[in-house]
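Fold and geometry: a report
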Amino acid sequence: DDPQLRGLAYTQLIVMFNKFSKTKHARWFQGLNGNDLFERALEEASDNPTVLCHCSKYFLNSGEVDKAIELIEKSLSFRSNSIAFHYLGMCYEIKAEKAAKVAIPLNDQRCKQNNIDKSRRPTRGEANHSQLNVNKETYDPSLVSRHNSVVNSNNQNCRFVKKSAANYEEAIKFSKKGNIPSILSLGKLYKKTDRFKKALQQFRQIINLKETKMSYLVTFITAYEEAGLCLLELSD
């Protein structure tokens, strides 16, 4: 009757729920959904960093990024660990993507507004448009993509991109053998933001690891592909 073990058991059910809830195996969960399992896990072990970390993955997969961040940060307040930092890096990368998507249409609206002929009385539609309130927390001109993609070189100074990179770096630092998924994710983040030399360094780390070929075959292949794309960009 160890509550810590019960909490961990519920987190494993959450992991299984993410994979099997929409399959024929849904009956395993006896009508419980992910939120139900999350609540039960916290009832048993709300101070267990592993429980909090695994619960955060459920909310990350569900698109509730802020809730995931809250749980991860609480987990890290108990114990620093590589997996939690990796999840936090993923969260902030998602927030960077969302912020960039918001910035593009808002910037387009501002451009249109600036082109309104102020010498005449604006129409009702234009008047409403001119009263547009831009949320400074989500609008940042530096996030606007030149290529209508989401995160690119214009996003290097975005606070979410910086936080994402910093957390991937922490994940790598806190892993004894190097967190290979975090190395790959950091490389991809650098590549997205056109920092190809830094990205190439990350991909080469994976390529040069002896254990990568057997344990992380897909990651190893991906690192080769991404490294090749970086070299192609650097050759221009």
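Before reading further, recall that the structure is shown in the block above.
Description of the structure in this document. (Residues numbered from 1 in each chain as written. Predicted model: local features only at pLDDT ≥ 70, side-chain atom pairs only at ≥ 80, totals over all residues. Heavy atoms only, no water.)

Moving on to unusual backbone geometry. With a phi angle near 65°, D194 is a residue other than glycine that sits in the positive phi range. Under the relative-accessibility criterion, D194 is labelled partly exposed at 30%. (Buried < 20%, exposed > 50% of the residue type's maximum accessible area, 1.4 Å probe, protein only.)

Another point: the packing of helix α7 (residues 159-174) against helix α8 (residues 180-192). Where α7 contacts α8, the axes come no closer than 9 Å and their chain directions differ by 155°. Taken together, the axes of α7 and α8 are roughly antiparallel relative to one another. As for the relative orientation of α7 and α8, their crossing is left-handed in sense. Contact residues: α7 offers V161, S164, A165, Y168, E169, A171 and I172, while α8 offers S182, I183, S185, L186, L189 and Y190. (Axes fitted to C-alpha atoms, helices over the stretch in contact; angles between N-to-C directions. Helix = DSSP H or I, 4+ residues; strand = E, 2+ residues; numbered from the N terminus. Parallel < 35°, antiparallel > 145°, perpendicular 65-115°, else oblique. Left-handed = near helix turned anticlockwise from the far one by under 90°. Contact = heavy atoms within 4.5 Å.)

The topology assignment puts G7 in helix α1 (residues 3-20). Here G7 falls in the buried class, since its relative accessible area comes to 0%. Each C-alpha atom, one on G7 and one on L42, is 6.7 Å from the other, the two residues being 35 residues apart in sequence. With sequence-adjacent residues up to four places away left out, G7 is seen in contact with A41, E44, A45 and V51.

All quantities given are derived from atomic positions and should not be read as evidence of function.
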